[in-house]
Amino acid sequence: DAKTTQPNSMESNEEEPVHLPCNHSTISGTDYIHWYRQLPSQGPEYVIHGLTSNVNNRMASLAIAEDRKSSTLILHRATLRDAAVYYCILRDYAGGTSYGKLTFGQGTILTVHP
Amino acid sequence: EAQVTQNPRYLITVTGKKLTVTCSQNMNHEYMSWYRQDPGLGLRQIYYSMNVEVTDKGDVPEGYKVSRKEKRNFPLILESPSPNQTSLYFCASLKQGAGAHEQYFGPGTRLTVT
């Protein structure tokens, strides 16, 4: 599986934008970039995904580098509820036994200050 | 409301006493899987199921069994639990197909084996 690298932790102030980086230099052409987050005492929660183009949804935006070797999850206005561990995950859509499997790394612990 | 439910949420048991953790989803998803989460090791996939009566091993299947007799249910069975299976367990489900990206996770089951 292609590996991702994220900073161990980041901090932000409430109401400010947060940019969470992820490096995935060995990404393959069939890998989608997914972001999940895990709030304290909860299961992981889907945030956003993308393949090549930048993506927006109600939770966040995903900016993908042109060479796809890195991406950035953008929370436009952080709230206290956004404090969580954020995971950047590559998922192979080429099929086979890896279908559906999410390989979680250590993620980035986001702390949001009031 | 789309959801994955797990029961029990907390369980303390003794070595060797068989137990089952239930998982149910109400989204008619074909794909279901089990993960365990341990400090420093992240989430690791135990077993997965592509559809009814189709199950396969994930990365850490030793000591676990699963069954998929109905589409909505995917129980995790520990026939002879041992202390090294003390962990936080998550069930997840995903709609099959190329356009499906959002994987739904249950709230987790914290298991302690003494």
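Summarised in this report is the structure supplied together with it. (Residues numbered from 1 in each chain as written. Chains lettered and ligands numbered in written order. Predicted model: local features only at pLDDT ≥ 70, side-chain atom pairs only at ≥ 80, totals over all residues. Heavy atoms only, no water.)

Below, the discussion takes up the overall build of chain B. Secondary structure assignment for chain B yields zero helices and eleven strands. Its helices and strands taken in sequence order, chain B reads β-β-β-β-β-β-β-β-β-β-β from the N to the C terminus. Its C-alpha atoms give chain B a radius of gyration of 13 Å, near enough to 13 Å, the size a compact globule of 114 residues would have. Each principal axis of the C-alpha distribution contributes one length, and for chain B these read about 40 × 30 × 25 Å. Counting only residues that meet the buried cut, chain B has 50% of its 114 residues in that class. When contacts within chain B are restricted to residue pairs at least 6 apart in sequence, long-range pairs at least 24 apart make up 54% of them. Put simply, chain B shows about 5,400 Å² of open surface, and 50% of that area lies on carbon and sulfur atoms. The positive charge centre, built from 13 side chains, and the negative charge centre, built from 10, are 5 Å apart in chain B. (Helix = DSSP H or I, 4+ residues; strand = E, 2+ residues; numbered from the N terminus. Rg over C-alpha atoms; globule rule 2.2 N^0.38 Å. Buried < 20%, exposed > 50% of the residue type's maximum accessible area, 1.4 Å probe, protein only. Contact = heavy atoms within 4.5 Å. Areas by Shrake-Rupley, 256 points an atom, 1.4 Å probe, with all protein chains shown as cover. Lys, Arg positive; Asp, Glu negative; His and termini not counted. Charge placed at Lys NZ, Arg CZ, Asp CG, Glu CD.)

The next subject is the sheet that holds strand β3 (residues 19-25) of chain B. Residue and element names in this part refer to chain B. One open sheet holds the four strands; their spatial order is β1-β3-β8-β7, and the pairing between them is antiparallel. Where the open sheet ends on each side, the last strands, each with one partner, are β1 (4-7) and β7 (65-66). Note that β3 and strand β8 (residues 76-78) share three bridges and pair antiparallel. In the sheet register, T20 faces β8, and the bridge partner there is I77. (Pairing = 2+ DSSP bridges.)

Before going further, it helps to spend a moment on the sheet that holds strand β1 (residues 9-13) of chain A. Residue and element names in this part refer to chain A. Pairing within the open sheet is mixed, and its five strands lie in the order β1-β9-β8-β3-β4. Every other strand in the sheet has two partners, leaving β1 and β4 (45-50) as the edge strands with one partner each. Neighbouring strand axes in the sheet, compared pairwise and without regard to direction, differ in orientation by 25 degrees on average. In this sheet, strand β9 (residues 108-113) lies alongside β1 in parallel orientation, the contact comprising five bridges. Pairing of M10 across the sheet is with L110, part of β9. (Axes fitted to C-alpha atoms, helices over the stretch in contact; angles between N-to-C directions.)

If a strand is regular, its side chains alternate between the two faces of the sheet. Residue and element names in this part refer to chain B. Bridge count between strand β5 (residues 42-51) and strand β6 (residues 54-57): four bridges; the pairing is antiparallel. Bridge pairing in β6 places N51 opposite V54. Counting the residues between successive antiparallel strands, the hairpin from β5 to β6 contains two residues, one of them, E53, with a positive phi of roughly 65 degrees.

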